[in-house]
Amino acid sequence: MKLELYKFEGCPFCMRVMNEIREEGRNDVEFHDIHQNEDDRQRLIRDGGVEQVPCLFIDGRPLYESADIIEWMRANPASADSRG
């Protein structure tokens, strides 16, 4: 499963998701900062439909809202080989 988190530094909702990722010890999430990379920002808009973060792409499908992302991650823990 491919997990890509679109975020930017200073976003409190992104921080909630990042904290959850750290607490779970996940290393199966690829990070994209939309304020650091214009291609990432454009991909978020093109594939997600809006410029809203955090957005977790799960095998290419967007999931928005920090609480929903955290709920999904808790329901779908990383495999043992995908933890730090």
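Now for a look at the structure at hand. For clarity, every value in this text was computed on a predicted model and none was experimentally measured.

Points about helix α3 (residues 66-75)
Phase 1: For α3, the set of buried residues is Ser 66, Ile 69, Ile 70, Trp 72 and Met 73. An end-on view of α3 places all buried positions within 160° of arc, on one side of the element. The exposed residues of α3 that point more than 90 degrees off its buried face are Glu 71, Arg 74 and Ala 75.
Phase 2: Buried positions along α3 lie against β1 (3-7), α1 (12-24), β3 (55-58) and β4 (61-64).

Digging into the nonpolar core
Phase 1: In this structure, Leu 3, Leu 5, Val 17, Met 18, Ile 21, Val 29, Leu 56, Ile 58, Ile 69, Ile 70, Trp 72 and Met 73 together form the largest nonpolar core, which totals 12 residues.
Phase 2: Mapped by element, the contributors of at least two residues to this core are β1, α1, β3 and α3.
Phase 3: Counting residues per element, this core draws most heavily on α3, which supplies 4 residues.
Phase 4: Setting aside residues up to four positions removed in sequence, Leu 5 forms contacts with Val 17, Met 18, Ile 21, Val 29, Glu 30, Phe 31, His 32, Pro 54, Cys 55 and Leu 56.
Phase 5: By size, the runner-up hydrophobic cluster in this structure holds 9 residues, among which are Tyr 6, Cys 11, Val 53 and Cys 55.

Procedures and definitions
Residues numbered from 1 in each chain as written. Predicted model: local features only at pLDDT ≥ 70, side-chain atom pairs only at ≥ 80, totals over all residues. Heavy atoms only, no water. Buried < 20%, exposed > 50% of the residue type's maximum accessible area, 1.4 Å probe, protein only. Helix = DSSP H or I, 4+ residues; strand = E, 2+ residues; numbered from the N terminus. Arc of directions from axis to C-beta. Contact = heavy atoms within 4.5 Å. Core = buried A, V, L, I, M, F, W, Y, C linked by side-chain atoms within 4.5 Å.

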